[in-house]
Structure formats: structure tokens, C-alpha cells
Amino acid sequence: MDQDCFDVAVIGAGMAGLICAQQLTQAGYRVVVLEKSRGLGGRMATRRLQETWADHGVRYLELNPKSELYPLVPALLQREMIVPWATPLYTWAADGLKPMPESYPRYAAPLGISAIAKFLGQGLEVRLNQRVIGLHLSEIAMYPEASWQIISESSAPVSATALVIAIPAPQALDLCEPLAAKGLAPEFVRALQDATYAPCLSAIAGYPPEFQTEIDQLPWQAITALDDPILDWVGIDSSKRTQLAQPTVVLQSTAAFAHSCLESASLEAAGQAMLNQAEQNLLPRLAAPSWLQVHRWRYAFPLHPYPAEFLQAPIEQLLICCGDWCGGSGVAAALKSGLAAGDRLNSQFHSRSLPSFELIIDQLNAL
Ligand SMILES: Cc1cc2nc3c(=O)[nH]c(=O)nc-3n(C[C@H](O)[C@H](O)[C@H](O)COP(=O)(O)OP(=O)(O)OC[C@H]3O[C@@H](n4cnc5c(N)ncnc54)[C@H](O)[C@@H]3O)c2cc1C
């Protein structure tokens, strides 16, 4: 078989795409993952900064100990990739700060939360910097078994028998809409249109070493804002690091605030407004950082999730969409959706014996 002809192509190396690809690869399928950015993880994101790094997407890992996904936690603890963090978490509302009742243990990754995605991506064929811009139902006689040709911005097309699209629904819609002319059912396109997302801005701010004195006086490492018009979350990101790190704070905005400045050419003013709001209410001197970076998450949190763990196109060729917008929101939903998509694909392809999540993690831990 040609090196660019695969059993399965997965678009997107977020948590959903990685676990789906890992499950199918471990079952013996030849899988390629195409990812538009420079690294793995998607919204499980860590940004490298001058003297440190910061998690500007997912804040921490939290899994129900009774869930099938829980084996990830002991595996990561064993490798010292995660540590307990922000216990308790605080809420902030008009009546002040309050410790939240604890739910499940909460973990941070000292080397950055994207390390968890790298753990899940071990051994996979992942092609980075490959933004997929087009999908064709393949008519190439050379590859009679390949149904799909996947066109990316920066390299030759990839062919695959089955396709998994593991990206937010609005981005999946951009890729799938042109297929409507080739018989893709309107219900499928409508399901993608209905699964809308809320945006979020993440402001990452770094401070001089003396700022640590302010931080040390805080009772909290992270707070969730309950009814603020601007802020949704403030976390002392440097408190996740086990080695001394430059004081760094990550603030995340409400969806309403993000909407109000989503199209601004520069987000500097928006980030400063977030810092001002936090300084007034939570932490003195926060509004004068040494540096400030702001990241725009256009598709941060699903607003109207699709009511099932995956969405399959009603066509002869295998096309399955998955991601956090299928069945819920958050990392756990993304992982469950990726596993369910892999399971469905396998049942309609070679029907191999698929490894359970626990077995997948055991295999990765043994590497
Ligand atoms: C600020 C913020 C904070 C959050 N905090 C938490 C938290 O504390 N706990 C929690 O459980 N969840 C949290 N979430 C939600 C969590 O990040 C997501 O639910 C989860 O990571 C989604 O994973 P996914 O694989 O479905 O999608 P994504 O992580 O979005 O992965 C999709 C991948 O596809 C790639 N891609 C997109 N289009 C293309 C294309 N055309 N070609 C190739 N590649 C493409 C993207 O670059 C990305 O890597 C947070 C999200 C944000 C934005």
C-alpha cells in the first residue's frame, strides 16, 4: 500500500482525535492524524513563554474515580506527570470568596497540561502543521479501497478508507458542507450547524519575582467567578509548577465578554480589562504585569451539544464526527466521544477486538 494511503485518517489531534487514533492503532489499523497546529492537544493547551509556560486552555484534569476514564489518573501520577492542585477551589461572587465543596480530586501538570496529550499521542503517526481544507470522495483508480482524499494546505493529499473528523462542529461544518452537493444528507449538515460553541478569551500575565509575596498571601490558587460580567476564572498558573517559576496568572473571560471583542484586531485592551477587573476584586497589583498575552478561543465550550457520543454521516463511505460537542462538554466528553467513534468505525470496518480505555493506557504506560 502507498505510504499516503491509510485505513483511517483522523482530522484533529485534540483529546477526542488522539484517543480515537490510539484505540484504532492499537487494534492494528493503519491510522494517520492530521493536525493544523504545531503541537498536540487542541484546547488541552500549554503556551511556551520566555521563562516559563502556562496552560491557557484546559485548567486542570478532573475525572470521576468511578468512570472508565479514571485509569488515566494513576498512570499519569505514576509518571509524576500530574500533581494534586487547587484544593479547595474557590468561588467568587458579590458576597465574597468561598471555598467550594470538593467533588473529584483535581490535578495540574507541572510541565503543562499538553503533556497529557503527548502521553496519549505516543506511537501515533501524527502530521503537524496540516490544516485540512478539503475532503473529496476519492475516484482515484490507483487506490480502489480508499474512499476519501483529504486535502491539506501544506502537503500532498492523503487517502483513507475511513474518516474521523475530531474538531469543533463549526469547523467540521466548513469541511463537510461542500459534500452536501455530493449527497450528504441535510440532517447531517443541520446537526453540525446546531452544535454551536461559546467563545472565551484567555489572558496570560507574567510578573516580577517580588509579586510572589502577593501570591503567597492568597488563600486560593484558583477561583471560579459566579456572576461577573468579564471574568469566569482566575488561576495562579505558576502554582502548578513544581520548580520555581516566574509568577504567572491565567484569567479566562465570560462568553459575553469574549463575544464583545472577538473580532478586535488586537486583544491587548481586552486582556487589560480582565486584569483590571481582577485587581479591583481579587488581587492587588495584578493590573501591572511585566508582560501580557491574550489568546482567542473562538470555539471554547459547546453551547448546544449533539445528543449522542458521535455523529455518523448517512453515506456509504465511513465518515464519523466526534469531539466534546458530542454528548457533553469538557475533556471527559471528548475522550468518551473519541472512543465511541472508534468503536463505531471498527464495527463497520474490520470488526477487530478493540482495547478498552484501561488497556490503551496500560500499553502507553509501558512505552
Ligand atoms: C479556556 C478553556 C478552558 C477549559 N477548561 C477546561 C477544564 O478545566 N476542564 C475540562 O474538562 N475542559 C475544559 N475545557 C474544554 C476542553 O478543552 C475541551 O472540551 C476538550 O479539550 C475538547 O477536545 P476535542 O478533542 O473535542 O477538541 P479540540 O481540543 O478543539 O481538538 C481539535 C483539534 O483539531 C484541530 N483542527 C481544527 N480544525 C482543523 C483542520 N481543519 N485541520 C486539521 N486540524 C484541525 C485543532 O487545532 C485541535 O488541535 C476548556 C476549554 C477552554 C477553551
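Residues numbered from 1 in each chain as written. Predicted model: local features only at pLDDT ≥ 70, side-chain atom pairs only at ≥ 80, totals over all residues.

**Re helix α8 (residues 268–281)**
Under the convention used in this document: Strands here mean DSSP runs of E at least two residues long; helices mean DSSP runs of H or I at least four residues long; both are numbered from the N terminus. A helix is expected to span 1.5 Å multiplied by its residue count minus one. We call a residue exposed when 12 or fewer other C-beta atoms sit within 10 Å of its C-beta, buried when the count reaches 20 or more, and partly exposed for counts in between; the C-beta positions come from the backbone. Relevant arc is that of directions from the helix axis to the C-beta atoms, nothing else. A pair of residues counts as a contact when their C-beta atoms, built from backbone coordinates, are separated by no more than 7 Å.
With 14 residues, α8 should reach 20 Å at 1.5 Å per residue; the first-to-last C-alpha distance of 20 Å fits that figure. All of the buried residues in α8 are Ala270, Gly271, Met274, Leu275, Gln277 and Ala278. Buried residues of α8, viewed axially, fall in a sector of 160°; they line one side. Along α8, exposed side chains directed more than 90 degrees from the buried face belong to Ala269 and Gln280. Buried residues along α8 sit against β13 (197–206), β15 (231–236), β16 (248–253), α7 (255–261) and β17 (291–302).

**What to know about the packing of helix α1 (residues 15–26) against helix α9 (residues 330–347)**
Formally: Axes, fitted as lines to C-alpha atoms, cover a helix only where it is in contact. Angles between the N-to-C directions of the axes lie from 0 to 180 degrees. Note on convention: the crossing is left-handed when the near helix lies turned anticlockwise from the far helix by less than a right angle, right-handed when the turn is clockwise.
Packing of α1 against α9 leaves a shortest axis separation of 7 Å and a crossing angle of 35°. Both α1 and α9 take part in a crossing whose hand is right-handed. When α1 is examined against α9, the residues Met15, Ala16, Gly17, Ile19, Cys20, Gln23 and Leu24 are found in contact with a partner set consisting of Val331, Ala334, Leu335, Ser337, Gly338, Leu339, Ala341, Gly342, Leu345 and Asn346.

**Regarding the sheet that holds strand β6 (residues 90–93)**
Operational definition: Two strands qualify as a pair provided that DSSP identifies no fewer than 2 bridges between them.
One open sheet holds the 7 strands; their spatial order is β7-β6-β14-β15-β16-β13-β17, and the pairing between them is mixed. Each end of this open sheet is capped by a strand with a single partner; those strands are β7 (96–99) and β17. Averaged over all adjacent pairs, the angle separating strand axes in this sheet is 20°, with direction ignored. Across 4 bridges, the pairing between β6 and β7 is antiparallel. Each residue of the ladder has a partner; that of Thr91, found in β7, is Lys98. Seen against the sheet, α8 touches β13, β15, β16 and β17 and runs at an angle of roughly 95° to β17.

**So, the domain arrangement of the protein**
Rules: Domain delimitation follows an automatic or database domain assignment. Charged residues are taken to be Asp, Glu, Lys and Arg, nonpolar residues to be Ala, Val, Leu, Ile, Met, Phe, Trp, Tyr, Cys and Pro, and polar residues to be all remaining types, Gly included.
Domain boundaries assigned for the protein yield domain 1 (5–42 + 118–196 + 304–365) and domain 2 (82–110 + 197–302). Each of domain 1 and domain 2 has a C-alpha centre, and the two are 32 Å apart. On the domain 2 side, the residues contacting the 10 residues of domain 1 number 4 residues. Broken down by class, the residue content of the side of domain 1 that touches domain 2 amounts to 5 nonpolar, 4 polar and 1 charged.

**A look at the site of the ligand**
Formally: Each residue gets a C-beta atom placed from its backbone. Should that atom fall within 6 Å of a molecule or strand, the residue is termed near it.
For the ligand, the set of nearby residues contains 35 residues, the closest of which are Gly12, Gly14, Gly42, Arg43 and Gly330. When residues of the shell around the ligand are traced back to their parent elements, those giving at least two are α1, β13, β17 and α9. Of the residues assigned to the shell around the ligand, the class counts are 17 nonpolar, 12 polar and 6 charged. When residues of the shell around the ligand are assigned to domains, at least three map to each of domain 1 (5–42 + 118–196 + 304–365) and domain 2 (82–110 + 197–302).

**Observations regarding the environment of Asp343**
Tracing the backbone through its elements, the reader meets Asp343 in helix α9. Using a count of 16 C-beta atoms within 10 Å as the deciding quantity, one classes Asp343 as partly exposed. Along the primary structure Asp343 and Cys20 are separated by 323 residues, whereas in three dimensions their C-alpha atoms are 8.4 Å apart.

**Section: the pairing of strand β14 (residues 222–225)**
Bridging between β6 and β14 involves 3 bridges; their strand directions are parallel. Following the sheet pairing, Thr91 is matched in β14 by Thr224. Alignment of β14 against β15, held across 3 bridges, turns out to be antiparallel. When the sheet's bridge partners are listed, Ala222 is paired in β15 with Gly235.

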